[in-house]
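# Summary of the model geometry
In case you want the letters, here they are:
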Number of protein chains: 2
Amino acid sequence: MASGTRTDARGLGEGAAPSATQSTAYSAPESGEPPTPALERLFNPRGIAVVGASADLGRIGGQPIKALTEARYAGRIYPVNPKYAEVGGMRCYRSIADIDGDCDLALIALSAGAVAAAVEACGAKGIRFAIILSSGFKEIGEGGRALETALKDAGRRSGVRLIGPNCQGVLSIPNRLFATFGAIAQETALRAGAVSMAFQSGGFGFGVMLLCEEMGIGFRHCVSVGNEVDITTPELLDAFLDDPHTKVACAYVEGVSDGRALMAAGRKSIDVGKPVLVWKAGKSAVGRRAAGSHTANITGSSDVFRAAARQSGIIEVGCVEDMVDLFRVFTSCRPPHGNRVGVLGISGGSGIVFADAAADRGLVLPDFAPDTTATLRNVIPVFGSAANPADLTADVFNNIASFTEAMTIVLDDPGIDQLCLLLASLPGAHALNAAQAIVAAAQRSDKPILVGWSARRNRAAAAYEVLERAGIPIISTPERLARASAALAAFADTRRRLSRRAVSMPAAAALPMPNALLEKAQLSEAEGKQLLAMYGIPVTRDVLIEADDRMDLSGLDIVFPVAVKIVSADIPHKTDVGGVQLDIADRDALQAAVRAVLANVKRLMPEARIDGIMISEMIRDGRETLVGVVNDEAFGPTVVFGLGGIFVEVLRDVSYRVAPFDIETAREMVGELRSRILFDGYRGSPALDVDALCRTLVRISEMAWHLRTRLASLDINPLFVRPGGWGVVAADAVVTLGG
Amino acid sequence: MASGTRTDARGLGEGAAPSATQSTAYSAPESGEPPTPALERLFNPRGIAVVGASADLGRIGGQPIKALTEARYAGRIYPVNPKYAEVGGMRCYRSIADIDGDCDLALIALSAGAVAAAVEACGAKGIRFAIILSSGFKEIGEGGRALETALKDAGRRSGVRLIGPNCQGVLSIPNRLFATFGAIAQETALRAGAVSMAFQSGGFGFGVMLLCEEMGIGFRHCVSVGNEVDITTPELLDAFLDDPHTKVACAYVEGVSDGRALMAAGRKSIDVGKPVLVWKAGKSAVGRRAAGSHTANITGSSDVFRAAARQSGIIEVGCVEDMVDLFRVFTSCRPPHGNRVGVLGISGGSGIVFADAAADRGLVLPDFAPDTTATLRNVIPVFGSAANPADLTADVFNNIASFTEAMTIVLDDPGIDQLCLLLASLPGAHALNAAQAIVAAAQRSDKPILVGWSARRNRAAAAYEVLERAGIPIISTPERLARASAALAAFADTRRRLSRRAVSMPAAAALPMPNALLEKAQLSEAEGKQLLAMYGIPVTRDVLIEADDRMDLSGLDIVFPVAVKIVSADIPHKTDVGGVQLDIADRDALQAAVRAVLANVKRLMPEARIDGIMISEMIRDGRETLVGVVNDEAFGPTVVFGLGGIFVEVLRDVSYRVAPFDIETAREMVGELRSRILFDGYRGSPALDVDALCRTLVRISEMAWHLRTRLASLDINPLFVRPGGWGVVAADAVVTLGG
């Protein structure tokens, strides 16, 4: 089991201040003094040392020198290698200490064993950043792990911030920084743009970057993070969001080491209004702390990641085409005020395909207002259609004023938040006229305009340039356009939703810390319920008696019917050993049930330590739900919720949220279930107390966070949710401690 | 309600003969006499009349003349227009009758009212095909509908086969046929290839074609079908499958007019081993015959289409990138023997991304055989990985023999059916060496090899050409590669699965035709069960009594407990009006229940005609399921199956199959449910009689097909599925007739 202290990162509510929502643009305001980000000199160094420089410019120690030269990097380059006097026409230095000018960054391509010392030398020389290209660390197993620890220590001691090791380097296109090797080092003609990216696989990341670039995306900073011994992906995302010229931050992530920091980057993206896109790979790999728990068994690592993304505002992507389209719209479009899209096209088919994809992604194509339809009819040919998605037909370009008028009419409709144009493969002079009309319309409206257009570049080059100069995104197919338009609307909606959200953490001192209980490894049901009760979570009325089958039960103060259960920390799954009897109607049956339960357990688990017998009230109304807690390796304590029985076990109809969270988040958890209608009163059964359920989910989340260093997992199975006004009751609790 | 006779199309089992499975390649055998397809002269005409030719080559009557000339169409072009003596430097004919040479095809660009007469003139002249570019028919509403009927009649009378009207024309690239107008008419340099396509939206279809072409796909025949007055999409798909040079047939479909014909094209694709890809748009539009029925209410048109596609072997696509990738692999790859993929990459990230996408699509990345792993280890550097997906690292290209050896080792592993290579953005000389090694490996193995490669064209041009010449597909990203690889495996699997499948239709004469019942519009429960029983579907033991609340019930031969239900064709939803009482234990309770049911119905539906009271046995074991039939506008009778209650109503956990079908298909229906585990014995409940269930589903499908001209909808809700060996029992039946 991993250490519980790993999750001691920022709490969600602690790290992110409640955000202001006055910003209406995705880009940060460019007025005023630009901030000086902490990593400024990493991306814009005044000089670069190449430590382990090679005279062979085809080798790893030579390629960056060639790339920096070809890219016309403006600062000085200091090759360092005692073997050479000169490398690539430049003076080569015997040592880092010999460097005789401004130097902010060292690129280290030495063998693994020599890297830590080089980092110390950088520190002594005042070089603040080092990129370790060398391999031979953690990734090769035990032998490299010690070297990695030594490297980490060297960085910390010397005050040098590190990228890598085992990475492919860093690009900062506007600063002409090509501190890298491999295929990407040959691409010094890459255009600059507003997207910054960090990735845990250099080969894959730079490959994706090249593909995006071919599709017209310009980049700013791109970092292959390698083993992340010091500077991590979340820190880079944070720096990208601080960078006034970055409009979109993106990461490719295989393993998340600090999920809370990643979520903090998401929350910051909400505050500053620039999206963070994350491609999470490796969905089959699962990290768990307590595989014995039921909740843990149904939880995969991608479930928790997905919940964390939703909760923090991170946008998940999973293919290069989606990335390209989202880069395009987020670097150029204003945020829409809602998810209602007006569509004007010149081919019926495109409109239908757009509508299909829009419906899949939560976009709405509302009916136009009656006025809109009436005036549209005047400009659309009789064989077109004025209903959303409207078909203007290609004839509309015979008189470009009609096209302009159609756009204006739809942009003026108060029920429309975004305008999507579908121009099919319109070529030539019509294309140019159309582009100019679109730019004019965009200047008169604050609603985003997106264009679907598949004409070949050579058939509409002038038109494309007009749109590109005006920052109007062109996306080739209607289905991709709909997805991009939906993403734009969804991020604006997420900002509105999450910016109101704040977790008011109870002061740690005000919360109980049941130290005696927490020393155990496994709590009995009685102890588990005691723990829940301390956190204000309602539990069944229980009477504990000794495990004696000849005891006289006639004096007990109980109301029938009751349940009888064995109490033993050694038996988390009581039903499996005959340790539970339900629906006991009277005292005779009770006596028999106690005898039966004791006999069953003695036969099936003779070695279990029996703490007693619990006589519990039977909850007869409401629905059985499961509330669990897993302590995820990456994200820490996470609450799981679903309806009991087949819903959880067969249909996996469960929702997740990283703890702690507020009541709005709890409502989302319930609302996400496919089976949510069962809470509203289904087929004559009464509506259930969802308010009490949500308050309880919040309390459980606070308890999970408070006990995060000890709580391995929790199953409340079932938690009865009773009819409206009657609250909830936990009828069982299995608590596993660890760490 | 639409006419029931619309579905009088080929039955699935009647149209498609049981197929041979000896063919192992996707391409049809090219040896022997090539067949002469029925539409040969449409795609390869000896001469073309352009009727309504325009001297302005920018107009619709002029653009095809310009395009055909620029494309160097080899036959003669006959412009026809009495206004001109010459068009585009060619003699212009006064009339179709004046044409003085071979002519197989007429392109008609006249006003709508003049088209039918021109078609008659074509017939008189012996011109066998006409493409009607003109608009003004069905698509403009009532006014055009009569013209469309006249056109259809003219075609039938004169023996001229028609494409359109309201279409954008036909391309046959190898025959230099550019019988079209609009943006596509300018693209006469398009390359020829092995994909043929038909589409119901010309603008969207030709736009998609251009995008695919830009991504390297070559086309053969492309048809904008317009209103499909004669030649329909299924007929074209059938012709494409007959064409020995077409390797993939594809259609873009908005509305399906004859679903059975589309399914027949799918079944033929299974027989001949060439895939049919269909993009079905317009998923929100729903066509139903009986919206009052429960089954019909939960059924959307895309549900039925999806089931029909699965059932007939059609591959659904929904975005241009998927189409391109599938075109690429299906035009070049051999069919794999299974879904097990070996992956060799040079970047860890690509392998992980591939594995994620593979898992989503049902591909398996098995562990390599121990031998494979051991020998792979010898050729992979120590910092690589020999586990599937293996990471060879870029170092493997320093000695190309290692790369060759790695491929051979994996191709020789009997547990691997396909090899996928992930070359990231490998450029230059290494790229060329790799490509040559891949081609050599492909020649030594019968397993498909697919390559993921994102190097820019200019960095690996020679390598790409080597692979392209050898017909080895290159796909830019690992996630798209995995999806394409999965599609290849899935089609091979579908062929194995469906080629065994045959519906043995009982001879129509052997089936009952309950004419008296079928004259009604709505059957009572008793009549509905009578109908079911005639088709061998087990129903509950029921006793029918008069609707008299003072009747003496003591003499009835019944076994308690029973249910009491009102019998009335006017009350399809008996529970809603208090017309049902369950769990009646004895004769006194029975008498009270009869009185209560009659009183309820009299109060809530005083106008309903009461046919009597039904006393039914109560089924106490087994699970409630819903079996329904809808008579879909496009596909005809379709069976719907799901577990009752929340599973159907809340979770929409239902499966569909077009009737009739065989027992294997019925098993797939059950296996598709998310809740299928509940049939296997869940949490101690016994396993259910799935065999009897499947036999019953087959019978219901046969009944639905047999009664297709009369049956609007059927709900069997519930059908009890009892424990193994105890069969199934229909406890209710609501039958709506119509048509």
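## Observations regarding the overall build of chain A
Scanning chain A for helices and strands turns up 23 helices and 29 strands. Across the 739 residues of chain A, 59% fall into the buried class. When contacts within chain A are restricted to residue pairs at least 6 apart in sequence, those whose partners lie at least 24 apart make up 73%. Mean positive and mean negative side-chain charge positions of chain A (75 and 82 charges, respectively) differ by 3 Å.

## A closer look at the nonpolar core
Counting 90 residues, the largest nonpolar core has A:Leu697 and B:Leu697 as its most contacted members. Apart from the residues lying within four places of it in its own chain, the contact partners of A:Leu697 are A:Val627, A:Val639, A:Phe641, A:Phe661, A:Ala666, A:Met669 and A:Val670.

## What to know about the sheet that holds strand β15 (residues 341-345) of chain A
Residues and elements named next belong to chain A. Sheet architecture is open: 5 strands sit in the order β16-β15-β17-β18-β19, paired in parallel fashion. Bordering the open sheet on either side are β16 (390-391) and β19 (474-475), each of which pairs with just one other strand. When strand β17 (residues 418-422) meets strand β18 (residues 449-452), the two strands line up parallel, connected through 4 bridges. Directly across from leucine 422, in β18, lies its bridge partner glycine 452.

## Details of the pairing of β15(A)
All names here are of chain A. Buried residues dominate β15, accounting for 5 of its 5 residues. The alternating pattern of β15 places Val341, Val343 and Gly345 on one face and Gly342 and Leu344 on the opposite face, and all of these are buried. The pairing of β15 with β17 spans 5 bridges and is parallel. Within the sheet, the bridge partner assigned to leucine 344 lies in β17 and is leucine 421.

## Focus: the sheet that holds strand β18 (residues 449-452) of chain B
By definition, the strands of a sheet pair up through backbone hydrogen bonds, in either a parallel or an antiparallel sense. Spatially, β16-β15-β17-β18-β19 (chain B) is the arrangement adopted by the 5 strands of the open sheet, whose pairing is parallel. The outermost strands of the open sheet, each flanked by one partner alone, are β16 (390-391) and β19 (474-475) of chain B.

## Quick look at the packing of helix α4 (residues 115-125) of chain A against helix α5 (residues 142-158) of chain A
All names here are of chain A. Following both chains from N to C, one finds α4 and α5 inclined at 5°, their axes separated by 9 Å at the closest point. Taken together, the axis directions place α4 and α5 in an arrangement best described as roughly parallel. Packed against α4, whose contacting residues are Val115, Ala116, Val119, Glu120 and Gly123, the element α5 presents Ala150, Leu151, Ala154, Gly155, Arg157 and Ser158 at the interface. Its residues assigned to classes, the contact of α4 with α5 comprises 6 nonpolar, 3 polar and 2 charged.

## What to know about the relation of the copies chain A and chain B
Mapping chain A onto chain B calls for a rotation angle of 180° and an axial translation of 0.0 Å; the resulting RMSD is 0.1 Å. The transformation just described matches what one would write down for a two-fold rotation axis. For chain A, the minimum C-alpha distance to the rotation axis belongs to A:Glu321 and amounts to 4.4 Å. With an isologous cut-off of 70% or more, the 100% of interface residues of chain A that recur at the interface of chain B puts this contact in the isologous class.

## A word on the pairing of β17(A)
Counting buried positions along β17(A) gives 5 out of 5 residues, so the element sits mostly inside the fold. Side chains A:Gln418, A:Cys420 and A:Leu422 of β17(A) all project onto a buried face; the interleaved residues A:Leu419 and A:Leu421 project onto the opposite face, where all are buried too.

## Side note on the side chain of B:Lys447
Residue and element names in this part refer to chain B. Checked against the element boundaries, lysine 447 lands in the loop between α15 (428-443) and β18. Among buried charged residues, lysine 447 stands out as having no salt bridge; its nearest opposite-charge side chain is aspartate 417, 6.1 Å away. At a separation of 2.8 Å, a polar atom in the side chain of lysine 447 contacts the main-chain carbonyl oxygen of isoleucine 416. Residues contacting lysine 447, with those up to four places away along its chain left out, are Arg334, Leu411, Asp412, Asp413, Pro414, Ile416 and Asp417.

## Section: the packing of aromatic side chains
In this description, a pair of aromatic rings is defined by centroid distance and the angle of the planes. Residues and elements named next belong to chain A. As enumerated under the stated definition, the model contains 24 aromatic pairs over all chains in all. A centroid spacing of 5.2 Å and a plane angle of 75° characterise the contact between tryptophan 453 and tyrosine 464, whose relative ring orientation is edge-to-face. With tryptophan 453 in the loop between β18 and α16 (461-469) and tyrosine 464 in helix α16, the pair connects residues that are 11 residues apart, well separated along the chain. We note that tryptophan 453, like tyrosine 464, is buried. A cation sits over an aromatic face here: arginine 708 above tryptophan 705, 3.8 Å from the ring centre.

## A short note on the pattern of salt bridges
All names here are of chain A. By the definition in use, this model includes 71 salt bridges over all chains. The salt bridge involving arginine 722 is made with aspartate 621; its shortest N-O contact spans 2.9 Å. Linking arginine 722 in the loop between β27 (711-721) and β28 (728-730) with aspartate 621 in the loop between β23 (612-617) and β24 (623-632), this pair joins segments that are 101 residues apart in sequence. Overall, the relative accessible area of 19% leaves arginine 722 in the buried class. For arginine 657, the salt bridge is made with glutamate 672, and the minimal N-O distance between the two is 2.5 Å. Placement of arginine 657 in strand β26 (residues 654-658) and of glutamate 672 in helix α22 (residues 663-672) is noted, with a sequence separation of 15 residues between them.

## A word on the environment of A:Gly89
Within the secondary structure, A:Gly89 sits in the loop between β3 (86-87) and β4 (90-91). Judged by relative accessible area, which is 62%, A:Gly89 ranks as exposed.

## Concerning the packing of helix α6 (residues 202-214) of chain A against helix α11 (residues 320-332) of chain A
Residue and element names in this part refer to chain A. The N-to-C vectors of α6 and α11 enclose an angle of 55°; their axes lie 10 Å apart at closest approach. The angle between the axes of α6 and α11 places the two elements in the oblique class. Considering only the axes of α6 and α11, their crossing is right-handed. Of the residues in α11, those touching α6 at Val208, Leu211 and Cys212 are Val320, Met323, Val324 and Phe327.

Definitions and limits used
- Residues numbered from 1 in each chain as written.
- Chains lettered and ligands numbered in written order.
- Predicted model: local features only at pLDDT ≥ 70, side-chain atom pairs only at ≥ 80, totals over all residues.
- Heavy atoms only, no water.
- Helix = DSSP H or I, 4+ residues; strand = E, 2+ residues; numbered from the N terminus.
- Buried < 20%, exposed > 50% of the residue type's maximum accessible area, 1.4 Å probe, protein only.
- Contact = heavy atoms within 4.5 Å.
- Lys, Arg positive; Asp, Glu negative; His and termini not counted.
- Charge placed at Lys NZ, Arg CZ, Asp CG, Glu CD.
- Core = buried A, V, L, I, M, F, W, Y, C linked by side-chain atoms within 4.5 Å.
- Pairing = 2+ DSSP bridges.
- Axes fitted to C-alpha atoms, helices over the stretch in contact; angles between N-to-C directions.
- Parallel < 35°, antiparallel > 145°, perpendicular 65-115°, else oblique.
- Nonpolar A, V, L, I, M, F, W, Y, C, P; charged D, E, K, R; others polar.
- Least-squares fit on C-alpha atoms with pLDDT ≥ 70 in both.
- Salt bridge = Lys/Arg side-chain N within 4 Å of Asp/Glu carboxyl O.
- Polar contact = N/O pair within 3.5 Å; in protein donor to acceptor, adjacent residues only side chain to side chain.
- Phe/Tyr/Trp six-rings, centres within 6.5 Å; stacked < 30°, edge-to-face > 60°.
- Lys NZ or Arg CZ within 6 Å of the ring centre and 35° of its normal.
- Left-handed = near helix turned anticlockwise from the far one by under 90°.

Everything listed here is a matter of coordinates, which is why it stays silent on function.
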